[in-house]
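Take a look at the letters that make up each chain.
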Amino acid sequence: IVLDAETTGLNPFSAELLGLSFALNQNAAVYVSLHEHPEWRKKIAELLADESIGKWGHNLKYDIKVLRANGFEINGVKGDTMLASYLLNPGSRAHDLDTLAFTECGHRMIPITALIGEKKPQKEMKEVPTMDLAMYSCEDADYTWRLKEKFTRELEAQGLYELFVNIEM
């Protein structure tokens, strides 16, 4: 699966976890609002802790820190599309998800400013309507899935997959 965490801030140790999106395939992502439905924490904890379920993300290091700071353990980490991008394009500085979704898939992602506004003061993420946050987060998970599929093929074709799995990850 691919996962994406939505939080109230950029500091993984102080950010509140609002919810998680999971992509199970291309065009198949779901969002779980832990902010509104804390009763899902136990099931999510089981899913994240399950070593047999491989997990991918984009900038997964941030998500892992957020999850741990919010009481979750994550096992079965298999890949990070940001790291795969670095390995495939070491001369580039553009490894963020928005840029990769556009350059690799031709898709413009929903900008964060569409949720929180462009001008100060901006909304806080927990003020964003759940449906808007879900669309934003599911899009992140979906395009991370697409990049995972594309980058895995490219890493294998270039003989870099073992390096990615055994060293980078």
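Residues numbered from 1 in each chain as written. Predicted model: local features only at pLDDT ≥ 70, side-chain atom pairs only at ≥ 80, totals over all residues. Heavy atoms only, no water.

Visitor: Looking at this model, I keep getting lost on the overall build of the chain. Mind explaining?
Guide: When helices and strands are counted, the chain shows seven helices and five strands. Along the chain, helices and strands appear, N-terminal first, in the series β-β-β-α-β-α-β-α-α-α-α-α. Here the C-alpha radius of gyration of the chain, 16 Å, is about what a compact globule of 169 residues would show, namely 15 Å. Referenced to the eigenvectors of the C-alpha coordinate spread, the extents of the chain come out at roughly 45 × 35 × 30 Å. Within the span of the chain, comprising 169 residues, buried residues form 43% of the whole. A separation threshold of at least 6 residues defines the contact pool for the chain, and within that pool the share at least 24 residues apart is 60%. Of the accessible surface of the chain, which amounts to about 9200 Å², a share of 52% is contributed by carbon and sulfur atoms. Here the chain holds 18 positive side-chain charges and 26 negative ones, and the gap between their average locations is 2 Å. (Helix = DSSP H or I, 4+ residues; strand = E, 2+ residues; numbered from the N terminus. Rg over C-alpha atoms; globule rule 2.2 N^0.38 Å. Buried < 20%, exposed > 50% of the residue type's maximum accessible area, 1.4 Å probe, protein only. Contact = heavy atoms within 4.5 Å. Areas by Shrake-Rupley, 256 points an atom, 1.4 Å probe, with all protein chains shown as cover. Lys, Arg positive; Asp, Glu negative; His and termini not counted. Charge placed at Lys NZ, Arg CZ, Asp CG, Glu CD.)

Visitor: Looking at this structure, how should I read the packing of aromatic side chains?
Guide: Ring pairs (aromatic) are described by centroid distance and by the angle formed between their planes. The final tally for this structure, using the stated rule, is two aromatic pairs. Where Tyr161 meets Phe164, the ring centres are 6.3 Å apart and the plane angle is 45°; that geometry is what we call tilted. Taken together, the residues span about one helical turn, with Tyr161 and Phe164 both in helix 7 (residues 161-168) at a distance of three residues. Taken together, the ring pairs in this structure connect Trp56, Tyr161 and Phe164 into an aromatic cluster. We note Arg108 situated over the ring of Phe102; from NZ or CZ to the ring centre the distance is 4.3 Å. Arg146 extends its terminal NZ or CZ atom over the ring of Tyr143, reaching a point 4.3 Å from the ring centre. (Phe/Tyr/Trp six-rings, centres within 6.5 Å; stacked < 30°, edge-to-face > 60°. Lys NZ or Arg CZ within 6 Å of the ring centre and 35° of its normal.)

Visitor: Where do I start with the pairing of strand 5 (residues 77-80) in this structure?
Guide: Moving residue by residue along a regular strand, the side chains alternate between the two faces of the sheet. With three bridges joining them, strand 4 (residues 55-57) and strand 5 adopt parallel strand pairing. When the bridges of strand 5 are listed, Trp56 appears paired with Gly79. Since strand 4 and strand 5 lie parallel, the crossover through helix 2 (residues 60-69) that links them has a hand, and here it is right-handed. (Pairing = 2+ DSSP bridges. Right-handed = clockwise from strand over helix to strand, strands pointing away.)

Visitor: Just to check I follow, could you spell out the side chain of Lys55 for this structure?
Guide: Take Lys55: it is sitting in strand 4. Nearest to the buried, unbridged Lys55 among oppositely charged side chains is Asp50, at 5.7 Å. When neighbours within four sequence positions are excluded, Lys55 is seen to be in contact with Ile1, Leu3, Leu47, Leu48, Asp50, Leu60, Ile74, Asn75, Gly76, Val77, Lys78 and Gly79. (Salt bridge = Lys/Arg side-chain N within 4 Å of Asp/Glu carboxyl O.)

Visitor: Looking at this structure, how should I read the nonpolar core?
Guide: Taken as a class, soluble globular proteins show a tendency for nonpolar side chains to be buried jointly. Of all hydrophobic cores here, the largest spans 18 residues; its most connected members are Val2, Phe151, Leu155 and Phe164. Among the elements of the structure, helix 3 (81-88), helix 4 (97-105) and helix 6 (130-157) are those that each provide at least two residues to this core. The element contributing the most residues to this core is helix 6, with six residues. If near-sequence neighbours (up to four positions away) are discounted, Leu155 is found in contact with Ala84, Leu87, Leu88, Leu160, Tyr161 and Phe164. By size, the runner-up hydrophobic cluster in this structure holds 17 residues, among which are Leu20, Tyr62, Ile64 and Ile74. (Core = buried A, V, L, I, M, F, W, Y, C linked by side-chain atoms within 4.5 Å.)

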